[in-house]
Amino acid sequence: QRLFVQGDCSFMRNISLSDSSLLSPHPVYTCCDKRNIVRRMGLAIPSRLPDDSAHFLLEPRDVLATFVCISVLRRTSSVDEDSIYLACTLSRSYDLGDSDLHHTPVIKMGWLDKTPPQGSLIFQKRWVMLDAQCLRYFQNEKEVYSKRIIAIRFVTEVLNVGEQKFEVVTRNRTFLFRAENNSKSVREEWVSVLKETIQQRRSSMEMSLMNSLISKQGYLEMNGLRSKVYVVICADRVFLYGNAEEHSQGVGITYIEMNVGTVKSTDKRSFNLTTFYRTFSFLAESAQQRDQWVEALQDCVSRSLSSDVVAQKIWAVEANQRCADCGAPHPDWASVNLCVVLCKCCAGVHRGLGQSVSKVRSLRMDEKVWTDNLIQVFLLGNNRVNLFWAANTPPSEALQPSSDSEKRQRFVSAKYCQGKYRRYHALFGQQEALNKALCSTVQTDDVLETLSLVFCGADVNCYTGDPELPSPVSVAQHYGQILQVEFLTHNHNTGRSLISLLHLYLFFWVHLQVWNNAPIFDFSRRWCSLNQGNFSYYESEKSSSQSGGMKMSDVLCLLVNPPGKHGYAHSFELYHDSGRVYLFGEDSSDKVKGWIKAIAKALVPSAAEDLVCWPFARVGRLSYTEGQSHHSPLLGWFSLGGSRLLLLLHGADRVENIDLRKIKELSMEQEAGAGAGAVVLVDGGRSLRVEGDRRPDFQGWLSGLQQGSGRGDGPLDQQQLTDTDVPVIVDRCMSYITQHGLKSEGIYRRSGVNSKIAALLFFLRHDARQVRLNEGERQVDDVANVLKRFLREVGEGVFNGHQASLPWLHTTSDEMSERVSQYQALLHSLPRVNRATLGAVINHLYCVQCFADENQMNMHNLAIVFGPTLFQMDGTDNSAGQVVEDLIQNYQDIFNVTPLPAPLSQISQEVSAEELVCKVLRRRNIPPQQGDYWSCFLVDNSQEIERPLHYQERALTIYFSLGKDCHLVVKKNCYMEAILTYIAGRVDVSRNGLIKFCEEKGQRGKGTFSRRLCVLSGLSLRLYKDVKVREDGRRCSSQPERECQIHALKVYCGIKRKLQPPSWYLCCESKNELIEWLATFMSLQVIIFL
């Protein structure tokens, strides 16, 4: 019982008892003096009450009351530079059992020393608390609100540093702590507890759930702080972050337990969040936003004050103590129309299905919903209800508490939307009989039978034939079946919506014998036949009339399941265009393969038979569009298996074969609704958009394409690859080092920032194609360590496993020529991707050691670093380093490659294009002639575009960054004489005029040319769309449509599609006009370089 008073008591007059901030039942006095109110409440009077106190708290106790006054806060030097100190009006000691302070029990707490992250080496004493959700540290042990909070689910690892220190590493930051009094045992205890907590948190798979519990988030101004804070309302807590980026990184300031808070608007845009310990004053952008925040916070308070009364009643049935879907303990949510009790994770998925399918309610917070009758319905228990919903769940598809969100989504959708695992009623498919049976059943107390009828197609709103009792609800009311009325009422609107979905899915199974010594009752035994494109199934081989069938022209997709799925050694599925899915299984491999071959040939047209002549996983027809246009989709045939995609497009006469690992882009355009959306595939300069059309099989296509396009956590042959079979991760890192780190001293020996290394490696493994390593954004040492860590951790390693690497380590011949021959034989025995990767890495190391004078990394030093890395060893065996040193030293002989061009192997990395031209001409003994203008050109392999290098550009850096797409050419510049003539006749270096313009929209886009006014002068290139002609005949325009600085431009002659955006195409009317624009560009860039 507490009375919280905010402000100066001398201003208090006639306090209203309706004020929500006055929570105490004690008498409230009107007073003009602080000391009077203290005396009348029976409190001990402090010796001095400061007149400038901002807040104070009165808290009467039976034995002891504490009165604390805090003056205006001032930031001190002891406050961390990256944290915010939120002092409390009331300071108090922590009690592990005090639920007012935290819902989650504290696992460990104590004093630790911590360093600020901005480079300071001065340790500061902090009180640190760890619970299952977060790690927090405070100014002292009496503070309630932390200086910093680190979410456990974002912590990647905990590392020992030195004797007494340890690091807590997140994806983006590293926090350094030191045990008090330099105690090593204390450090070890903290590290052990942290690692155990992190491991338990990872297994809970809670991140998606936490995100689903966020009710509101955004920026607010907070009284006492200069900048805005990012406020997140999640479940029954309010979290404060410095900005949105910190929220995404899981590193915040503090959180506020709302079971001790009240919310009240104070001004047009401001409101207060008041707790027992502090008042937080916020300012919103507008009055409307303030009202939204206040409403969201009040809802949060309500959630925090929820009751367990309903939960305890429903949990009285033992089966309800486990989630009906995944089996998680203590489920506190339920679907009131489906009659199942659910955990938070499954409830989030149910909520995503919509109210028309599942009405999700909380056992703790939605007390008004839980009438006595509804509670009685739920006392049926999850086990009995699942006799209908989950009667035919295969063990391979059963959900576990630790299942990830994707599997949970698939299972819940299949169970309730598709009715995949339900026990079919004997009257299924007979609408009139189902309705009649429902009207009869509601007269009894058999709610389970009513549930089975409703979710097998009976109409809750059907007409009974009796005008006085027209509906099943009225019949149940007439017969006094209150539980039936309760159930039918909650399914008054959901029944028909769900039935329409369930009617689309019928599941049949073919089986001949027993699997795992247990009979299979999931599906029915059927005799099947395929004749002239018609698939039929019968009760037995002696039956004359078929039980059902389909035309193969109506089948969308044939799916071959992995061995053992659904309880059979071999199985396959057929997706019908009506929405039905037919499943067939058999333990005989030959029989199933024969059926798959026959069905596949009957499914695809004769021109597409190559699609089914290989071990595919799925084959079928899909709608697609090419290029930017999404109108008038065409129909194509696709066959997918592993990383291969075979396709026959509309009008094509041959089947195309695409290696998904080498495509340029794979992106999803997911829309609302199951099966909706599209997948965009870019390969070989072509964009293909495959559409879902809300088909039940499309999610399988999406998943197969994603897995086939490369996984960062797989072995080398399952990675995203370049055209030369090198993993994109490896290629990206080596290219960056070649461009920016060849002369970096100690490259590959220096350690980078661990948090940045882990974050970059995570993004590369997720989708390396989308990661761009730009100078200035990434440090050379960080990228170098990413490469080393990837090669050390990749599955099976570069040498294809431990056993395959042993022969490399046992090449002990004293003769180098013999060792080279052995290396060559071992190299050819490696898989293609491993061989290409090893060659690329050794080639890169060969280039690095060419600059050993600058980077101090000769062959031996590189071998010391990369020996254990490539062989994935601990470094104790020196033979690994010796092998790598041999490979570098004999790189050209072992890999049978041509050495670097002689001029390039003898020049510095700093050589300019002008110096390179002179060296090449001297090397070729070409004397300069009068009127000859030699230049160094960057030319693509298709010779569609070329760019003359500025004479001061670094040629070697460009050379190593070209890859396989371009090369350098030293040749005569045929435009130079005309350019010089044009420049000589110009007074100022500028040009303007109308020109055809087109902008590259991206890899999936197509631009069109349109006229623009182009102005090239000074330091920029400007393009104008709206051009007006003045009276003097000159063109004018207000604002440029496009503008770019001259120094940022690279000007190419020619045109080539699919350049990396942003790219502009400028088209001239004549060769002379082209020369004039080129001359202006080159002249302005010369001025800028000078």
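Residues numbered from 1 in each chain as written. Predicted model: local features only at pLDDT ≥ 70, side-chain atom pairs only at ≥ 80, totals over all residues. Heavy atoms only, no water.

*Asks:* Give me the lowdown on the overall build of the protein, citing residues and values where you can.
*Replies:* In terms of regular secondary structure, the protein is built from 32 helices and 45 strands. Going through the 1090 residues of the protein one by one, you find that 49% of them count as buried. Counting contacts in the protein only where the partners sit at least 6 residues apart, residues at least 24 apart contribute 58% of the total. In the structure as shown, the protein presents an accessible area of about 52600 Å², 48% of it carried by carbon and sulfur atoms. (Helix = DSSP H or I, 4+ residues; strand = E, 2+ residues; numbered from the N terminus. Buried < 20%, exposed > 50% of the residue type's maximum accessible area, 1.4 Å probe, protein only. Contact = heavy atoms within 4.5 Å. Areas by Shrake-Rupley, 256 points an atom, 1.4 Å probe, with all protein chains shown as cover.)

*Asks:* Could you give me a rundown of the packing of aromatic side chains, with the residues and numbers involved?
*Replies:* Under the definition given, this model contains 27 aromatic pairs. On the basis of an interplanar angle of 50° and a centroid distance of 5.5 Å, the ring pair of F239 and Y255 is categorised as tilted. Taken together, the residues F239 in strand β13 (residues 237-241) and Y255 in strand β15 (residues 254-257) connect sequence positions 16 residues apart. Residue classification places Y255 among the buried residues on the basis of a relative accessible area of 4%. Aromatic pair F762 and F763: ring centres 5.6 Å apart, planes at 70°, arrangement edge-to-face. Classification of F762 as partly exposed rests on a relative accessible area of 44%. Given the relative accessible area of 43%, F763 is considered partly exposed. (Phe/Tyr/Trp six-rings, centres within 6.5 Å; stacked < 30°, edge-to-face > 60°.)

*Asks:* Mind laying out the pattern of salt bridges, listing which residues take part and the relevant values?
*Replies:* By the definition in use, this model includes 26 salt bridges. In this structure, D659 engages R661 in a salt bridge whose closest nitrogen and oxygen atoms are separated by 3.0 Å. According to the relative accessible area criterion, R661 is buried, its value standing at 9%. Through salt bridges that share partners, K662, D725 and R832 make up one connected network. (Salt bridge = Lys/Arg side-chain N within 4 Å of Asp/Glu carboxyl O.)

*Asks:* Quick one: what's the story with helix α22 (residues 816-829), residue by residue and with numbers?
*Replies:* Compared with an ideal rise of 1.5 Å per residue, which puts 14 residues at 20 Å, α22 spans 20 Å between its outermost C-alpha atoms and is within 8% of the ideal. Considered for burial, the residues of α22 that qualify are R819, V820, Y823, L826 and L827. The buried residues of α22 occupy an angular sector of 125° when projected down its axis, which confines them to one face. For α22, the exposed residues lying more than 90 degrees away from the buried face are S817, A825, H828 and S829. Those residues of α22 hidden inside the fold are in contact with α21 (802-809), α23 (832-849), α26 (878-889) and α27 (891-895). (Expected span 1.5 Å × (residues − 1). Arc of directions from axis to C-beta.)

*Asks:* Describe the nonpolar core, and please don't skip the residues or the numbers.
*Replies:* Counting 61 residues, the largest nonpolar core has Y748, L791, W808, L838 and L870 as its most contacted members. Here the element with the most residues in this core is α23; it accounts for eight residues. When neighbours within four sequence positions are excluded, L791 is seen to be in contact with V730, V798, V841, F866, T869, L870 and Q872. Formed by 50 residues, the second largest nonpolar core is a distinct cluster that contains C339, V377, A414 and V473. (Core = buried A, V, L, I, M, F, W, Y, C linked by side-chain atoms within 4.5 Å.)

*Asks:* Mind laying out unusual backbone geometry, listing which residues take part and the relevant values?
*Replies:* Of note, Y748 is a non-glycine position whose phi angle comes to about 75°, a positive value. Relative to the helices and strands, Y748 is located in the loop between α18 (728-740) and α19 (754-767).

*Asks:* How would you summarise the packing of α18 against α23 if you had to cite specific residues and measurements?
*Replies:* Following both chains from N to C, one finds α18 and α23 inclined at 10°, their axes separated by 11 Å at the closest point. As far as their axial angle goes, α23 and α18 are roughly parallel. Here α18 contributes V730, M734, I737 and T738 to the contact with α23, which in turn contributes A840, V841 and H844. Taken together, the residues that form the contact of α18 with α23 break down as five nonpolar, two polar and no charged. (Axes fitted to C-alpha atoms, helices over the stretch in contact; angles between N-to-C directions. Parallel < 35°, antiparallel > 145°, perpendicular 65-115°, else oblique. Nonpolar A, V, L, I, M, F, W, Y, C, P; charged D, E, K, R; others polar.)

*Asks:* I'd like a rundown of the environment of Q532, residues and numbers included.
*Replies:* For Q532, the location among the structural elements is in the loop between β22 (527-531) and β23 (534-538). Taking relative accessible area as the criterion, Q532 reaches 75% and is therefore assigned exposed. Distance from Q532 to K551, taken between C-alpha atoms, is 9.2 Å for residues 19 residues apart in sequence.

*Asks:* Can you tell me about the environment of K114, naming the residues and giving the values?
*Replies:* Here K114 shows up in strand β4 (residues 106-114). Separated by 10 residues in sequence, K114 and Q124 have C-alpha atoms that sit 5.2 Å apart.

*Asks:* Account for the side chain of Q484, naming residues and giving values.
*Replies:* As for its placement among the helices and strands, Q484 is situated in helix α14 (residues 482-490). A polar contact of 3.3 Å, which involves the side chain of Q484, links it to the backbone oxygen of D446. Leave out the neighbours within four places in its chain, and Q484 touches T441, V442, T444, D445, D446, V447, T450 and A476. (Polar contact = N/O pair within 3.5 Å; in protein donor to acceptor, adjacent residues only side chain to side chain.)

*Asks:* Could you give me a rundown of the sheet that holds β13, with the residues and numbers involved?
*Replies:* In space, the seven strands of this open sheet follow the order β15-β13-β12-β11-β18-β17-β16, with antiparallel pairing throughout. With partners counted over all chains shown, the strands left at the sheet margins are β15 and β16 (261-265), one partner each. Strand after strand, the sheet turns through a mean of 30° between neighbouring axes, direction not considered. Bridge analysis of strand β12 (residues 229-234) against β13 gives five bridges, and the strand direction is antiparallel. Across the sheet, residue V232 finds its bridge partner in β13, namely F239. (Pairing = 2+ DSSP bridges.)

*Asks:* Outline the environment of S543, listing residues and values.
*Replies:* Within the element layout of this structure, S543 appears in the loop between β23 and β24 (548-551). Spatially, the C-alpha atoms of S543 and W527 are 8.8 Å apart, while their sequence positions differ by 16 residues.

*Asks:* Give me the lowdown on the sheet that holds β24, citing residues and values where you can.
*Replies:* Taken in spatial order, the three strands of this open sheet run β22-β23-β24, and their pairing is antiparallel. The two strands at the open ends of the sheet, each matched to only one other strand, are β22 and β24. With strand direction ignored, the average angle separating the axes of adjacent strands in the sheet is 15°. Two strands pair when backbone bridges link them, and β22 and β23 are joined in this way by five bridges, in the antiparallel orientation. Each residue of the ladder has a partner; that of W527, found in β23, is Y538.

*Asks:* Please give an account of α18 that cites residues and values.
*Replies:* The end-to-end C-alpha distance of α18, which contains 13 residues, comes to 18 Å, matching closely the 18 Å that a straight helix rising 1.5 Å per residue would cover. Among all positions of α18, only V728, I729, V730, C733, M734, Y736, I737 and T738 are buried.

*Asks:* Go over the packing of helix α25 (residues 859-871) against α26, please, and point to the residues and values.
*Replies:* Interaxial distance between α25 and α26 falls to 7 Å at its minimum, and their mutual angle equals 120°. Viewed along their axes, α25 and α26 adopt a mutual orientation that is oblique. Seen from above, α25 lies across α26 with right-handed handedness. Seen from α25, the contacting residues are M859, H860, L862, A863, F866, G867, P868, L870 and F871; seen from α26, they are A880, G881, V883, V884, E885, I888 and Q889. Broken down by class, the residue content of the contact of α25 with α26 amounts to 11 nonpolar, four polar and one charged. (Left-handed = near helix turned anticlockwise from the far one by under 90°.)

*Asks:* For the pairing of β16, give the residues involved together with the corresponding values.
*Replies:* The pairing of β16 with strand β17 (residues 270-275) spans five bridges and is classified as antiparallel. Paired with V263 across the strands is L273, a residue of β17.

*Asks:* Describe the side chain of R618, listing the residues and the values that go with them.
*Replies:* With respect to the secondary-structure elements, R618 resides in strand β28 (residues 618-626). Setting aside residues no more than four positions away along its own chain, R618 makes contact with C557, L558, L559, F638, S639, L640, D697, G700 and W701.

Remember, this is a structural readout, not a statement about activity or role.
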